[in-house]
Amino acid sequence: MIRVIKNIVDYRELIAVLAWKNVTVRYKQAYLGIGWAILKPLTLMLVFTLLRSFVGIPSGNVPYPILAFAALMPWIFFQESASEGVQSVVGNAALIRKIYFPREVFPLTSMMTKLVELCINALILAGLMAWYGMTSSVYIAWAPLIIVYTMLVSLSIAFAGAAINVYYRDVGAALPMLLSLLMYASPVIYPLDLVQSKLLVQQAAGEWSNVLYILYTLNPLAGIIDSFQNVVLRGLPPNFSALLPGAIMVAIGLPLSYLFFKRAESHFADVI
Amino acid sequence: MPVIEVNHVTKEYRLGQFHSLKQSVLDAVARLRGHPVQERAPFKALDDVDFKVEEGEVLGIIGQNGAGKSTLLKMLARISVPTSGSVNVRSSVAALIEVGAGLVPDLSGRENVFLNASILGMRRAEIKKKFDEIVAFAELEDFIDTPIKRYSTGMQVRLGFSIATSMDAAILIVDEVLAVGDLAFQRKCFDRMEDMIKRQGKTVLLVSHNVRQVERLCTRAILLDHGVVINDGHPTDVCNFFVDRSNQKIQANQRINQAKVTTSGEIEFGAIEVIDENGSSTDSIEFLRPMRIRLTFKASTPLQQMTFYIGLHTTDFIYLTAHNTAYEPVNLEMGQHCVELEIRAMALLPGVYCVLAWIGQPAGRTVFHGESLSSFRVFARDYVVTRQRDRGIFHMDAKWNLNADREEAKLLTASQKG
């Protein structure tokens, strides 16, 4: 673990430059430029809002569009860091065959690129909140920590996925699909309160309800999204009980994923 | 203490396609059930390579295509790891494996300098300091803010080389990059390399097909062949050995190649033989020694007014000599014939040459014409001569006079006296 952090420190300039390159190149010859980064969450937010007008999703005392946008921010950040992280090693095949540096730079760079977009979306969220006349409480200080935790979650997938993707491109192809399925199993369209009230309060699934709820929160994004909404919109502390099962998963998964990546790393140049 | 240690390094690759996920799963199942699995054959790109490089040494690595040179450099640059054995590099390394790897077309020259130099491991402060020098060396001052997708190939390569060689590393690994840009820029690259080697005392590993370059820049050379080090020593010796081997290989290939023959059917080609001064048929002739070329054929009808022409050409069809009998046409009877061209001294420099023959009437009617009918190698016992093929083809009988000015003065005084 110490070596990971040392590598990140040693190669921080490279990661920064590569991330800057990704951002620049992506929007260089586009009229909307960086505007594309906000288009995806905004569009989804509008779609969800439209959807809600048919099915009726409770949103508490927070306007639904903002609630959805605050859910989409960490979700899209996670989804894209993970799927682009998985593609990052294969996508940089030319560099891998020619130049040496620790290969974890690539997944980390993909994540940093997405962090830039996340920051832009944060501005949009701030704008939306101002529009609806909402203010944040002191609990917003938790937000950066929640984002850092989201990074660890995406890296758990990105490291192992990127390494396997070098050998079997199936992973890179399957992951976006799996992740879009995971979105429905995460409180993005609907708030976590809804799941809680269905399973814990109404015991909708009978004796399995509590187990199901634990299973649901094993998905780290469940806790992340709800906590993010809590600290930014609801003026509440993070939802630690929902975060815990996922955090245990990550605490086990991330080191394994990283070790797997480092073991596979030395053969990347031969196989890629 | 050596800065680079390569200890019994072997690198194996599996031949053929990498298995699909399905095949891997099937194989795993088969293995579990105790069934044999078809393994892909291993291929040894490097086989027990073992050498050390001392600080300040300039090591040239030569060998034919596929000898394992680039694989070796990849191990040294940490891009790839050996299957067995170990590689120890005790210093910072700048690897110029392919200049321009990682240049991004959409970014401007300026942005690419920062990006590429960072990828190569330079710090931002260092890049800023060297920026002007890098741009000046690449001669791109006017274009530095243009996206490099608008650059010519030469400009891109110049930028790549300039960035790569501006790194301050104690060990420089160079793979065939000196052949970039136009002649003037090549010269500049060469000078820069030479400067790094001779004045800055860097340890350099240079892979090149250009034997003369290796000889000039290096203090030691290694010849790789099919992943094995077959010669290690003074660059001149190793290069000579390599050139001679290459000639033998060219000749071997030439023999497999089919001769190009056109015939009117009146003559059936027998053979072209190269005969040395002892009268025995051979495929190698010593430089400046006598030889004969014998042409045997069978005439299927009597032929009137026939002339012969025997010439030599290089393996890439540059015609070198032509001897004919245009002024002495002969009548040929039906049956076996044999003509010989006697060469008093083989004046072609060491290398591989081919024989062509033509039989026909002086007016131009071709009865038989064949190129690459046979090939032979000219060799010399003196390696100074062996290597002259880089600079020419023929040896011209000549004499040096190293005191020409004095002799001329003597002649002048003699004529004045007279």
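Residues numbered from 1 in each chain as written. Chains lettered and ligands numbered in written order. Predicted model: local features only at pLDDT ≥ 70, side-chain atom pairs only at ≥ 80, totals over all residues. Heavy atoms only, no water.

Chemist: An account of the overall build of chain B is requested, with residue identities and associated values reported.
Modeler: Per the secondary structure count, chain B includes 10 helices and 20 strands. The C-alpha atoms of chain B give a radius of gyration of 29 Å, which is well past the 22 Å a tight globule of 418 residues would have. For chain B, the spread of C-alpha atoms along the three principal axes comes to 95 × 85 × 45 Å. Counting all 418 residues of chain B, 45% fall into the buried class. Carbon and sulfur atoms form 51% of the exposed surface of chain B, whose accessible area is close to 21900 Å². (Helix = DSSP H or I, 4+ residues; strand = E, 2+ residues; numbered from the N terminus. Rg over C-alpha atoms; globule rule 2.2 N^0.38 Å. Buried < 20%, exposed > 50% of the residue type's maximum accessible area, 1.4 Å probe, protein only. Areas by Shrake-Rupley, 256 points an atom, 1.4 Å probe, with all protein chains shown as cover.)

Chemist: Talk me through the overall build of chain A; I want residue IDs and the actual numbers.
Modeler: Across its full length, chain A carries 13 helices and zero strands. Ordered by position in the sequence, the α and β elements of chain A form the string α-α-α-α-α-α-α-α-α-α-α-α-α. For chain A, the C-alpha radius of gyration of 19 Å lies close to 19 Å, the compact-globule estimate for 272 residues. Overall size of chain A, expressed as C-alpha extent along the three principal axes, is 55 × 50 × 35 Å. Residues classed as buried in chain A amount to 51% of the 272 residues present. When contacts within chain A are restricted to residue pairs at least 6 apart in sequence, those whose partners lie at least 24 apart make up 81%. For chain A, the accessible surface area stands at approximately 12500 Å², while carbon and sulfur atoms represent 72% of it. (Contact = heavy atoms within 4.5 Å.)

Chemist: Any chance you could break down the side chain of B:S108 for me, citing the residues and the numbers?
Modeler: Examined against the element boundaries, B:S108 turns out to sit in the loop between β5 (93–96) and α3 (109–119). The residues contacting B:S108, other than those within four sequence positions of it, are B:I144, B:D145, B:T146, B:P147 and B:I148.

Chemist: I'd like a rundown of the pairing of strand β6 (residues 171–175) of chain B, residues and numbers included.
Modeler: Looking down a regular strand, the side chains alternate between one sheet face and the other. Residue and element names in this part refer to chain B. Burial analysis of β6 places five of its five residues in the buried class, the great majority of the element. The alternating pattern of β6 places I171, I173 and D175 and L172 and V174 on opposite faces, both of which are buried. Two strands pair when backbone bridges link them, and β5 and β6 are joined in this way by four bridges, in the parallel orientation. Bridge assignment links V93 to a residue of β6, and that residue is I171. Relative to strand β7 (residues 203–207), β6 runs parallel, the two sharing five bridges. Its bridge partner lying in β7, I171 is registered against T203. (Pairing = 2+ DSSP bridges.)

Chemist: Residues and numbers for the interface of chain B and chain A, please.
Modeler: Contacts between the two partners involve 31 residues from chain B, matched on the other side by 27 residues from chain A. Put simply, chain B and chain A have six residue pairs in polar contact (both at pLDDT 80 or more) between them. For the side of chain B that touches chain A, the secondary-structure elements that each account for two or more residues are β1 (4–14), α1 (21–32) and α3 of chain B. The element best represented in the side of chain B that touches chain A is α3(B), accounting for five residues. Among the residues forming the side of chain B that touches chain A, the class breakdown is 15 nonpolar, six polar and 10 charged. (Polar contact = N/O pair within 3.5 Å; in protein donor to acceptor, adjacent residues only side chain to side chain. Nonpolar A, V, L, I, M, F, W, Y, C, P; charged D, E, K, R; others polar.)

Chemist: Tell me what's going on with the layout of surface pockets, and back it up with residues and numbers.
Modeler: In this structure, the largest pocket spans a volume of roughly 990 Å³. Lining the largest pocket are 40 residues, and of these A:Y11, A:Y100, A:F101, B:A77 and B:R78 lie nearest its centre. Listed by contribution, the elements that provide at least two residues to the lining of the largest pocket are α1 (2–10), α2 (12–27) and α12 (240–265) of chain A together with α2 (69–76), β4 (84–89), β5 and α3 of chain B. When its residues are assigned to classes, the lining of the largest pocket shows 23 nonpolar, seven polar and 10 charged. (1 Å grid on protein atoms, 1.4 Å probe; cavity = no way out; pocket = protein on both sides within 12 Å on 5 of 7 lines; lining within 4 Å. Points joined across faces, edges and corners; volume = space filled by probe spheres on them.)

Chemist: How would you summarise the environment of A:G91 if you had to cite specific residues and measurements?
Modeler: All names here are of chain A. Take G91: it is sitting in helix α4 (residues 64–91). For G91, a relative accessible area of 62% corresponds to the exposed category. Separated by 181 residues in sequence, G91 and I272 have C-alpha atoms that sit 9.8 Å apart.

Chemist: Break down a nonpolar patch on the surface for me, citing the residues and quoting the values.
Modeler: Residue and element names in this part refer to chain A. Taken together, V138, Y139, W142, L145 and F240 make up a surface patch of nonpolar side chains, about 520 Å² in accessible area. Looking at the secondary structure, you find F240 in helix α12. Relative accessible area serves as the criterion here: at 46%, F240 is assigned to the partly exposed category. (Patch = residues over 30% accessible without salt bridge, like charges linked within 9 Å, V, L, I, M, F, W, Y side chains within 5 Å. Salt bridge = Lys/Arg side-chain N within 4 Å of Asp/Glu carboxyl O.)

Chemist: Tell me what's going on with unusual backbone geometry, and back it up with residues and numbers.
Modeler: Residue and element names in this part refer to chain B. Look at D48: it is not a glycine, yet its phi comes out positive at around 50 degrees. You can see D48 is positioned in strand β2 (residues 42–53). A relative accessible area of 43% means that D48 is categorised as partly exposed.

Chemist: How would you summarise the packing of aromatic side chains if you had to cite specific residues and measurements?
Modeler: Residue and element names in this part refer to chain B. Overall, the coordinates contain 13 aromatic pairs over all chains when judged by the stated rule. Ring geometry for Y353 versus F376: centroids 6.3 Å apart, planes at 45 degrees, classification tilted. Pair noted here: Y353 is in strand β19 (residues 351–360) and F376 is in strand β20 (residues 366–379), with a separation of 23 residues, a long-range link. The residues Y353 and F376 share a single accessibility class, namely buried. (Phe/Tyr/Trp six-rings, centres within 6.5 Å; stacked < 30°, edge-to-face > 60°.)

Chemist: Explain the confidence of the model for chain B to me, and be specific about the residues and the numbers.
Modeler: When pLDDT is averaged along chain B, the result is 84; 92% of the residues meet or exceed 70. The complex model carries a pTM of 0.75, and its ipTM stands at 0.79. (pLDDT = per-residue confidence, 0-100.)

Chemist: Could you give an account of α3(B), naming the residues involved and the relevant values?
Modeler: For α3(B), the buried fraction is high: 10 of the 11 residues fall into the buried class. Three or more residues of α3(B) are buried, namely B:G109, B:E111, B:N112, B:V113, B:F114, B:L115, B:N116, B:A117, B:S118 and B:I119. In this fold, the buried residues of α3(B) make contact with α2 and α5 (93–98) of chain A together with α4 (124–138) and α5 (153–165) of chain B.

Chemist: Give me the lowdown on the sheet that holds strand β11 (residues 267–275) of chain B, citing residues and values where you can.
Modeler: Backbone-to-backbone hydrogen bonds join strands into a sheet, with any given pair of strands oriented parallel or antiparallel. Residues and elements named next belong to chain B. Taken in spatial order, the four strands of this open sheet run β12-β11-β14-β18, and their pairing is antiparallel. The sheet is open, and its two borders are formed by β12 (281–282) and β18 (335–343), each paired with just one other strand. Across two bridges, the pairing between β11 and β12 is antiparallel. Looking across to β12, one finds that V274 is bridged to T282.

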